[in-house]
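Chain by chain, the residues:
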Amino acid sequence: QVRLMESGGGLVQAGGSLRLSCAASGSISSINTMGWYRQAPGKQRELVADITRSGTTNYADSVKGRFAISRDNAKNTLYLQMNNLKPEETAVYYCNGRSYMSVIYWGQGTQVTVSS
């Protein structure tokens, strides 16, 4: 079992920055890919970025050049640095972990609100 706990959300003005963190605990060695997803009101949950244990990253086109995903395997922590935030990026941001056996884990989410 893996537990994921997000932190770092909040209210920021358009153009501002936030850094999200996701602390993982439990059977960490079973996790390969970790990622960030977001879900705005009335919309489907969408991938923001993900990263494999070896460091290969993948970003949604809408965030390329503004967001950076990273992970510290020694600290079992995932990060998302978000710069130049836009109001339409207001959403609940979720941490996700996928095991080598394709089991998926989710955190409880953290709210990010970008004011115009």
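On a predicted model such as this, the values are computed, not experimentally measured, just so you know.

Caption draft 1: Layout of the pairing of strand 11 (residues 110-115). Burial along strand 11 is one-sided: Thr110, Val112 and Val114 are buried, and none of Gln111, Thr113 and Ser115, which face the opposite way, are. Sheet analysis places strand 9 (residues 91-99) next to strand 11, joined by 3 bridges and oriented antiparallel. Its bridge partner lying in strand 11, Tyr93 is registered against Thr110.

Caption draft 2: The arrangement of the sheet that holds strand 3 (residues 18-26) in detail. Pairing within the open sheet is antiparallel, and its 4 strands lie in the order 1-3-8-7. Where the open sheet ends on each side, the last strands, each with one partner, are strand 1 (2-7) and strand 7 (67-72). With direction set aside, neighbouring strand axes in the sheet form an average angle of 15°.

Caption draft 3: The nonpolar core, seen in detail. One finds Trp36, Leu80 and Met82 to be the most contacted residues of the largest nonpolar core, which totals 28 residues. Listed by contribution, the elements that provide at least two residues to this core are strand 1, strand 3, strand 4 (31-39), strand 5 (46-51), strand 7, strand 8 (77-82), strand 9 and strand 11. When residues in this core are grouped by element, the largest group, 4 residues, is from strand 3.

Caption draft 4: The packing of aromatic side chains, seen in detail. Within the structure shown, the criterion is met by 2 aromatic pairs. Taking the centre distance of 5.0 Å and the plane angle of 75° together, the rings of Tyr37 and Trp106 count as edge-to-face. With Tyr37 in strand 4 and Trp106 in strand 10 (residues 104-106), this residue pair connects regions lying 69 residues apart in the sequence. Residue Tyr37 is classed as buried on the basis of its relative accessible area of 17%. An angle of 85° between the planes, with centres 6.3 Å apart, marks the rings of Tyr94 and Trp106 as edge-to-face. Placement of Tyr94 in strand 9 and of Trp106 in strand 10 is noted, with a sequence separation of 12 residues between them. Ring-pair connections join several aromatic residues into one group, and the members of that group are Tyr37, Tyr94 and Trp106. When the ring centre of Tyr79 is taken as origin, the NZ or CZ atom of Arg19, which lies over that ring, is 4.1 Å away. In this arrangement the basic side chain of Arg45 is found over the ring face of Tyr94, its NZ or CZ atom lying 3.7 Å from the centre.

Caption draft 5: Fine view of unusual backbone geometry. One non-glycine residue with positive phi stands out, namely Asn76, at about 55°. Mapped onto the elements of the fold, Asn76 is located in the loop between strand 7 and strand 8. Assessed through its relative accessible area of 27%, Asn76 is described here as partly exposed. Even without being glycine, Ser102 reaches a positive phi, approximately 65°. Structurally, Ser102 is set in the loop between strand 9 and strand 10.

Cut-offs used in this document
Residues numbered from 1 in each chain as written. Predicted model: local features only at pLDDT ≥ 70, side-chain atom pairs only at ≥ 80, totals over all residues. Heavy atoms only, no water. Buried < 20%, exposed > 50% of the residue type's maximum accessible area, 1.4 Å probe, protein only. Helix = DSSP H or I, 4+ residues; strand = E, 2+ residues; numbered from the N terminus. Pairing = 2+ DSSP bridges. Axes fitted to C-alpha atoms, helices over the stretch in contact; angles between N-to-C directions. Core = buried A, V, L, I, M, F, W, Y, C linked by side-chain atoms within 4.5 Å. Phe/Tyr/Trp six-rings, centres within 6.5 Å; stacked < 30°, edge-to-face > 60°. Lys NZ or Arg CZ within 6 Å of the ring centre and 35° of its normal.

Everything listed here is a matter of coordinates, which is why it stays silent on function.
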